[in-house]
Structure formats: C-alpha cells, structure tokens
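Descriptive structure summary
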Amino acid sequence: MPSENIIERERCVTGIDGLDNILNGGIPRGNTILFTGSCGTGKTTLSLEFLVHGALADENSLFVSVTESSDKLTTNVIPYDFFEESLIKTGKLAFVDMPVIYERLGLTNVEFSLEDVDTLVRALGNLVDELSVKRLVIDSITSVCYRLKTEEKIREFILKIGKALSNRGCTSLLISEISPSADRYSLYGVEEAIADGIVLMGNYERRGDLLRTLQVVKMRGTTHSRAKYVLDLTPAGVLLVPLLKGGGGI
Amino acid sequence: MIKSPGDLANELHELPPSSAINLKIVSDSYFDAIRGIVDIFANKKNLNVIYITVAIPSHSIIDVLKILEIDLTNIYFVDCVSHIMIGGAKKYKNVLYVESPTMLENIMLKVEYLIRKSEGKNNVIVLDAINALGIHNNMKILSEFLHIFINNLRAKDAYSMVFTMEEFSTDEISNMMKLVCDTTITIGGGGDG
C-alpha cells in the first residue's frame with residue numbers, strides 16, 4: 001500500500017495521451033530525457049508534438065536543431081490539426097539552429113575542449129532564461145557529441161546541461177540517434193547512464209510487417225509502464241496502442 | 001432470429017452505448033445487416049460509422065452503399081485488404097488504409113484516429129468480418145486484439161459490431177466471440193439463433 005508521505009513530483013504533461021498514460025501523468029518536471037532510436041522511428045515528430053502541446057499550454061518551448069535547418073523543419077513537420085501559427089509568431093514556440101549558436105560563441109574547432117563545453121552549456125542556459133523556456137528539445141544530442149569526441153567531455157556536457165536545465169525547471173528531450181542493430185541506448189553509451197529517463201523508439205518486425213514502437217525504459221521520479229507500444233504519426237498527433245504479444249507464439 | 005434491416009436496427013436501438021455485439025450473418029443477409037447498421041441504426045442514433053473492411057475492399061462496400069442509396073457522409077472506412085491486392089485499388093478520401101490484416105495494432109490506431117476526428121459525436125464500429133481476420137492471424141493474437149480493441153471502444157462509449165459469417169465460423173471463433181461480446185444477434189436463415 002503506497003505511503004501517504006510520498007510526495008508526487010510535479011508533472012510536465014506531454015499532451016500525447018498514450019505517453020502520459022504510460023508515465024502516469026507525464027514527465028516529472030525538470031527531467032532530462034533521452035529519446036533514442038534509429039532513423040524514421042518518429043523521434044523528431046514526437047518531440048515537436050511535445051513542444052507544440054507545451055506552447056498551447058502556455059509553456060515557452062524551444063527546439064534546438066543541430067542537423068536540419070529550422071526553416072525546413074517548420075515547413076515539413078507541422079501538419080498537426082491542433083497547431084496554431086500564432087505559437088511561433090508570439091514566441092511561445094521557438095526554433096534555434098545550433099550551428100548559429102556555435103558561430104556566435106566562436107566554437108569553430110572540429111573538436112570542442114572542456115572550456116568549450118562550459119561555454120556551450122552557459123549559452124544554452126542563458127537562452128532558456130532569456131526566453132523563459134519550460135520545454136526544450138535538442139535534436140540531436142548525438143550530433144553535438146560528435147564535436148566532443150571523448151567520453152569525459154560527453155559526460156561533462158550531459159551532466160552540466162541536465163543540471164542547468166533542471167535548475168531552471170525546464171523539462172528537456174535529448175534526441176539520440178542509434179543504429180537499428182545497436183545493443184545500447186546511445187551512440188557513446190554515456191548519455192543513457194546520465195539521463196533521468198530513456199524512451200526507446202524503434203521498428204519491430206513481425207512476420208514481414210514493420211511496426212513503429214515506443215518503450216519507456218527508465219524514468220526517474222515516477223512509476224511507469226515498461227511495455228512496448230505501437231505508434232502512429234497522425235495529424236491528430238502521435239497515437240499509441242499496446243503491442244500485441246499473440247501468446248508469444250509468433 | 002432477425003429477418004429485416006429495420007428489425008435489426010430496432011433491436012440494436014435498445015442496447016446502450018459501449019455494447020459489443022456479435023452479429024451472426026446467415027446466408028444472403030449480408031446487405032440487410034449493412035443497411036440495418038450503417039443506415040437505419042446509425043441515423044436513428046446520430047452516430048458516425050467506422051467500417052473496418054477485411055473480407056472485401058472498401059470500394060466494393062462503397063459501391064454497394066451507393067446502389068442501396070445510403071448517404072456516405074458519416075461513414076468512414078478502415079480498409080485492411082486493398083493494400084495487399086495486386087495492382088492496387090481506387091482510393092477514396094474517407095478511407096484509411098492498413099497495409100495488411102496482420103497489422104492488428106494499426107487497425108486499432110486508425111480507428112482511434114477516426115474517433116478523435118469525430119469530435120464528440122458517438123460512433124459505431126463495424127468489423128467485417130472476424131472470419132476474414134482469422135485467415136490472416138492465429139487465434140491467440142486475434143483474441144488478444146479483440147479483447148483490447150473492444151474494451152478500448154467500450155471506454156469511449158462506442159458501439160462495437162463484429163460480423164461473423166455463420167457458414168464459415170468455427171468453434172474457436174464462436175468461443176472467442178462469446179468471451180468478448182455482450183450480445184449475439186443472428187440475422188437471416190431459418191433457425192432460431
């Protein structure tokens with residue numbers, strides 16, 4: 001029987017019904033979550049929906065795009081029925097290109113130093129303060145890690161960015177790219193150990209059918225389902241249903 | 001035993017929302033069943049119809065509905081067979097396609113999407129037919145699918161109508177339907193079903 005003394009952490013309701021049910025009400029506010037999966041599994045789409053719902057709920061939301069220009073992103077990835085153009089016009093939903101940040105900070109070296117890591121974390125923290133951001137997505141953290149090279153610097157970056165965002169009450173999704181055959185949740189293996197939560201997105205093949213799946217592997221601060229769900233990306237948002245097991249005989 | 005579309009609609013009218021009905025269709029009463037549900041019953045209750053086609057492609061059902069002069073405005077289809085037909089099929093705007101009848105989760109997802117789009121209007125979901133799904137799926141996964149699917153629909157106050165073509169039914173299918181459905185209605189034939 002649960003103790004009455006357990007303090008429920010405030011939730012950041014993702015607005016994605018299925019995911020909020022899996023998480024018993026949403027992501028514990030301030031958590032840094034690794035959204036990981038191979039290409040085409042819906043990571044960017046889902047993270048964008050998380051931001052759009054945040055903006056609609058009056059929480060300033062920021063998408064930091066590392067690999068794709070945000071102009072291209074906004075034209076391609078927002079076909080939602082519930083999306084309102086005014087969210088961008090009023091600054092509730094903002095997009096920033098990471099290469100622009102690098103340039104402004106003078107981070108021109110192919111490999112960042114530990115000082116560069118501090119500079120980058122400070123700049124992102126300032127941006128969160130300046131825009132009063134409550135929800136942040138970095139797409140992808142893997143691309144940032146390419147510039148860090150060593151485990152030490154990756155660990156330093158994830159720890160510091162996680163702490164900086166959490167201290168500001170900002171709930172963040174770090175998008176991580178892995179190969180379909182990967183046996184871990186992040187390219188470098190460091191990110192997964194430090195993040196507060198891991199959401200694994202993948203493709204599940206059953207008798208020749210390829211299903212998009214989502215599984216919450218870890219989430220600090222809440223009980224949650226660890227089952228695999230099948231998802232569909234629709235104009236009404238991401239929809240989820242349980243993966244059928246078929247008695248395990250298939 | 002029910003003989004006419006009007007009688008079927010009257011019988012269904014008495015059932016509360018969230019009911020799950022196994023509709024056993026005997027011999028040539030298929031079109032009577034369709035008319036009774038998608039035309040008379042749905043109109044009486046002001047329901048959207050979400051019609052899952054597994055036995056035959058949606059365009060064939062649409063052609064039949066047009067011949068029967070049934071208004072298609074509030075009828076949406078989840079078509080599970082057209083994709084696997086060689087040469088493809090004519091596409092309609094009120095039809096969502098599932099790649100294969102083995103993708104049972106995707107059937108649930110398309111229905112969920114259509115329910116969300118119905119914006120407060122209640123729905124009747126027709127699954128035509130469980131025998132056809134049984135061709136492509138084993139009984140374990142099919143039972144699991146029906147159990148989850150129908151309970152989800154109940155939670156949304158939707159009516160579930162699962163067609164069984166009586167001539168092609170098996171004991172396994174009958175037992176499964178008894179487990180997941182509240183009511184069995186037989187239409188057509190001469191027995192006392």
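Whatever comes next refers back to the structure up there.
We now turn to the structure provided with this report. Note that the coordinates shown come from a computational prediction; the quantities given were computed from them, not determined experimentally. (Residues numbered from 1 in each chain as written. Chains lettered and ligands numbered in written order. Predicted model: local features only at pLDDT ≥ 70, side-chain atom pairs only at ≥ 80, totals over all residues. Heavy atoms only, no water.)

Check the secondary structure of chain A and you find nine helices and eleven strands. Relative to the 2.2 N^0.38 estimate, which gives 18 Å for 250 residues, the radius of gyration of chain A is 18 Å and therefore close to what a compact globule would have. Structurally, chain A occupies a C-alpha span of about 55 × 45 × 40 Å along its principal axes. Within chain A, counting contacts between residues at least 6 apart in sequence, those at least 24 apart form 68% of the total. By element, 49% of the accessible surface of chain A is carried by carbon and sulfur atoms, the whole surface being about 11,200 Å². The averaged location of the 33 negative side-chain charges in chain A is 4 Å from the averaged location of its 27 positive side-chain charges. (Helix = DSSP H or I, 4+ residues; strand = E, 2+ residues; numbered from the N terminus. Rg over C-alpha atoms; globule rule 2.2 N^0.38 Å. Contact = heavy atoms within 4.5 Å. Areas by Shrake-Rupley, 256 points an atom, 1.4 Å probe, with all protein chains shown as cover. Lys, Arg positive; Asp, Glu negative; His and termini not counted. Charge placed at Lys NZ, Arg CZ, Asp CG, Glu CD.)

Residue and element names in this part refer to chain B. The seven strands are arranged S4-S3-S2-S5-S6-S1-S7 in an open sheet whose pairing can be described as parallel. The open sheet has two edge strands with one neighbour each: strand S4 (95-97) and strand S7 (183-187). With direction set aside, neighbouring strand axes in the sheet form an average angle of 20°. Across five bridges, the pairing between strand S1 (residues 20-25) and S7 is parallel. Residue pairing in the sheet places asparagine 22 in a bridge with threonine 184 of S7. Running over the sheet, helix H1 (residues 5-13) touches S1, strand S6 (159-165) and S7 and is turned about 170° from S7. (Pairing = 2+ DSSP bridges. Axes fitted to C-alpha atoms, helices over the stretch in contact; angles between N-to-C directions.)

With that out of the way, let us pick up the packing of aromatic side chains. Counting across every chain of the model gives nine aromatic pairs over all chains. Aromatic pair phenylalanine 41 of chain B and tyrosine 159 of chain B: ring centres 5.1 Å apart, planes at 85°, arrangement edge-to-face. One end of the pair, phenylalanine 41 of chain B, is in helix H2 (residues 30-45); the other, tyrosine 159 of chain B, is in strand S6, and 118 residues separate them in sequence. For phenylalanine 41 of chain B, a relative accessible area of 0% translates into the label buried. Residue class for tyrosine 159 of chain B comes out buried when judged on its relative accessible area of 1%. Consider the rings of phenylalanine 145 of chain B and phenylalanine 149 of chain B, whose centres lie 5.1 Å apart with planes at 15°: the pair is stacked. Residue phenylalanine 145 of chain B and its partner phenylalanine 149 of chain B are both found in helix H6 (residues 139-155); the two are separated by four residues, about one turn of the helix. Judged by its relative accessible area of 0%, phenylalanine 145 of chain B is buried. Among the aromatic side chains, those forming a connected cluster through ring pairs are Tyr30, Phe31, Tyr51, Phe77 and Phe163 of chain B. One Lys or Arg, arginine 135 of chain A, reaches over the ring of phenylalanine 50 of chain A and ends 4.7 Å from the middle of that ring. Directly above the ring of tyrosine 102 of chain A sits arginine 147 of chain A, whose terminal nitrogen or CZ lies 4.9 Å from the centroid. (Phe/Tyr/Trp six-rings, centres within 6.5 Å; stacked < 30°, edge-to-face > 60°. Buried < 20%, exposed > 50% of the residue type's maximum accessible area, 1.4 Å probe, protein only. Lys NZ or Arg CZ within 6 Å of the ring centre and 35° of its normal.)

Shape is all these values report; function is a separate question.
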